[in-house]
Amino acid sequence: MKNEQVYENLKKYSEMLFSDGYIECGYIAAKADGGIYITTSDADFADLKEDQVAFVTDKDVESLEGNFRAAAVLLICAIKAKKDAGAAAIVDSKSILEFSAKKITLPPVLEDMSQINGISVRAAKKNTASETVSALSGLRNACFLPDAGAVVTGRTLAEIYTGTLVLDKCANGYLLAERKGGIKHITAFEAAIEHIVYKLKYSKKNQQNQKAAEEGQTVELAEKPSAIVTDEEKKIAADIKAAGVRLLEENLVQGTWGNIAVRLNDKEMMATPSGLDYVMLKPEQMAIVNMETMEWKGSNKPTSEKGVHAKLLLAHPESNATVHTHPFYGSILAAMRQPLPVPEKYRDILGDVVPVSKFGPSGTGMLVKNTAEAIGNSPCCFMASHGVVVRGKDLEEAFVICRALEDACKDYLLSD
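Here's a quick rundown of the structure. (Residues numbered from 1 in each chain as written. Predicted model: local features only at pLDDT ≥ 70, side-chain atom pairs only at ≥ 80, totals over all residues. Heavy atoms only, no water.)

Some points on helix α13 (residues 365-375)
At step 1: Among the residues of α13, L367, V368, N370, T371, A374 and I375 are the ones counted as buried.
At step 2: Buried residues along α13 sit in contact with α10 (306-315), β15 (380-383) and β16 (387-392).
At step 3: One or two positions beyond α13, positive phi appears at G376, with a value near 50 degrees. (Buried < 20%, exposed > 50% of the residue type's maximum accessible area, 1.4 Å probe, protein only. Helix = DSSP H or I, 4+ residues; strand = E, 2+ residues; numbered from the N terminus. Contact = heavy atoms within 4.5 Å.)

Let's talk about a nonpolar patch on the surface
At step 1: On the surface, L139, I196 and L200 cluster together into a nonpolar patch covering about 260 Å² of accessible area.
At step 2: Inspection of the secondary structure puts L200 in helix α7 (residues 188-202).
At step 3: Relative accessible area serves as the criterion here: at 62%, L200 is assigned to the exposed category. (Patch = residues over 30% accessible without salt bridge, like charges linked within 9 Å, V, L, I, M, F, W, Y side chains within 5 Å. Areas by Shrake-Rupley, 256 points an atom, 1.4 Å probe, with all protein chains shown as cover. Salt bridge = Lys/Arg side-chain N within 4 Å of Asp/Glu carboxyl O.)

Some words on the sheet that holds strand β9 (residues 268-271)
At step 1: The 7 strands are arranged β11-β10-β9-β8-β12-β16-β15 in an open sheet whose pairing can be described as antiparallel. The open sheet has two free edges, formed respectively by β11 (296-297) and β15, since each of these has just one partner strand.
At step 2: Strand direction decides the pairing type here: strand β8 (residues 259-263) and β9, joined by 3 bridges, are antiparallel. When the sheet's bridge partners are listed, A261 is paired in β9 with A271. (Pairing = 2+ DSSP bridges.)

Details of the sheet that holds strand β5 (residues 122-123)
At step 1: Strands sit in the order β3-β2-β1-β4-β7-β6-β5 across an open sheet of 7 strands; the sheet is mixed. Two strands in the sheet have a free side with no partner beyond their single neighbour: β3 (53-56) and β5.
At step 2: Packed on one face of the sheet, helix α1 (residues 4-19) meets β1 (27-32), β2 (35-39) and β3 and runs near 150 degrees to β1.
At step 3: On top of the sheet, helix α2 (residues 66-81) reaches β1, β2, β3, β4 (87-91), β6 (142-145) and β7 (149-154); it is set at about 135 degrees to β2, its chief contact. (Axes fitted to C-alpha atoms, helices over the stretch in contact; angles between N-to-C directions.)

Some points on the packing of aromatic side chains
At step 1: For the structure shown, the criterion picks out 6 aromatic pairs.
At step 2: When the ring centre of Y412 is taken as origin, the NZ or CZ atom of K180, which lies over that ring, is 4.6 Å away.
At step 3: The ring of F399 has R246 lying over it, and the distance from NZ or CZ to the ring centre is 3.5 Å. (Phe/Tyr/Trp six-rings, centres within 6.5 Å; stacked < 30°, edge-to-face > 60°. Lys NZ or Arg CZ within 6 Å of the ring centre and 35° of its normal.)

A few points about the nonpolar core
At step 1: Membership of the largest hydrophobic core comes to 92 residues, with the highest contact counts inside it found for L106 and L350.
At step 2: Of the residues forming this core, the biggest block, 13 residues, is contributed by helix α6 (residues 157-177).
At step 3: Look past the residues within four positions of L350 in its chain and what remains in contact with it is V342, P379, C380, I401, A404, L405 and A408.
At step 4: Counting 25 residues, the second largest nonpolar core, distinct from the first, contains A29, I36, L74 and A124. (Core = buried A, V, L, I, M, F, W, Y, C linked by side-chain atoms within 4.5 Å.)

Section: the side chain of T39
At step 1: In this structure, T39 sits in strand β2.
At step 2: Within the local environment of T39, its side chain forms a polar contact with the backbone nitrogen of I28, the two atoms lying 3.0 Å apart.
At step 3: Filtering out sequence-adjacent residues up to four positions away, T39 remains in contact with S14, Y27, I28, F45, L48, Q52, V53 and F68. (Polar contact = N/O pair within 3.5 Å; in protein donor to acceptor, adjacent residues only side chain to side chain.)

As for the packing of helix α11 (residues 328-336) against helix α14 (residues 395-414)
At step 1: Their axes nearest at 7 Å, the elements α11 and α14 cross at an angle of 65 degrees. The angle between the axes of α11 and α14 places the two elements in the roughly perpendicular class. In the crossing of α11 with α14, the sense of the turn from one axis to the other is left-handed. When α11 is examined against α14, the residues F328, Y329, G330, I332, L333 and M336 are found in contact with a partner set consisting of E406, C409, K410, Y412, L413 and L414.
At step 2: Classifying every residue of the contact of α11 with α14 by side-chain character gives 9 nonpolar, 1 polar and 2 charged. (Parallel < 35°, antiparallel > 145°, perpendicular 65-115°, else oblique. Left-handed = near helix turned anticlockwise from the far one by under 90°. Nonpolar A, V, L, I, M, F, W, Y, C, P; charged D, E, K, R; others polar.)

A short note on the pattern of salt bridges
Here the idea is simple: oppositely charged side chains can pair when their charged atoms come close.
At step 1: Tallied over the entire structure, the rule returns 18 salt bridges.
At step 2: Among the ionic pairs, K11 bridges to E15, the shortest N-O distance being 3.2 Å. A residue pair is termed a helical-turn pair when its members lie 3 or 4 positions apart in one helix, as K11 and E15 do in helix α1 at 4 residues.
At step 3: Given the relative accessible area of 18%, K11 is considered buried.
At step 4: According to the relative accessible area criterion, E15 is partly exposed, its value standing at 28%.
At step 5: When the shortest N-O distance is used, the salt bridge between K169 and D112 registers 2.8 Å. On the criterion of sequence distance, the pair formed by K169 in helix α6 and D112 in helix α4 (residues 111-116) is long-range, its members being 57 residues apart.
At step 6: Using a relative accessible area of 1% as the deciding quantity, one classes K169 as buried.

Set out below in structure tokens:
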């Protein structure tokens, strides 16, 4: 094929989507001058070969046949319909297929769904390009195909992966929650605000970096000189980086969502920066934040949830680490907005009940206030329609709590 860099990117994300169970018989496409590079019908997503990627233009699409032609037309139209789209995919995870069979709209289950997938995910009336484009209209980056999975669009292949993961999580969450009382989704207005802010502000820097990386360019993430100077600060920063990667590997966070903070002293904490994923993040890019004034120093601005971390660390001197995550099962409980009666085997770690906060938009004082009130003296709590936050004496204990909470949520949701 002509573009080796595009092939390497398609190969990388094909393997990721396939290994995580998000694609089996679907298609993945990346935008290029004059057309798209698209995986063929015989593509082996576990080990994509160069001859399993084709370059297709508007003119030669008519010469294609069968499902490959239909998929190429659909993805070309989907990418054209979303002005900033650089990639699109037809995905078919078990949960996405099951939800697509319902032929209904998936409401904004969680804030991260609103941010990346849009204000809702509609079901196309038919598996055609025109119906798909109609379902993608408005503030939407994904739609369901009747009994055939979903179309996901994104600025980069990295965003396709994250968007598919979040869509799968929310579709599965909706289905699981039906047996336990259902979810309480956020409003269309709240979802629209979340989506617009995410596209224009929160994710802009990360997507620019991802696009540059996918084009083979050198990526410079630092914006200012680092604040990480002493040996102790360097060690803490490295520990935070390692913890973030661990959370990502265990599917406790997705993409750039989730954040971590560690107390440095009575007034300062070290926190992860805003809008950078843990794989690309370097330890020296951590921010140092004054927990009382929210003033910060460092190469990159701190997480927008810095207020939540500071509030919990100041209120609980025995806690030196706080972790905010978007785990698969924990997020479903957050969407249900109900406390969790903790199964007995987890009570030594989690207590008898995991509380849930009232809803507050991301990065706002309302979210800080509601989270602090909800967690009380508990080691963790659900953040309504958002995720979870935990606190521990150190990062290791915080991670143990994160893992126990996710396992407890899974046990609850899968129980009869």
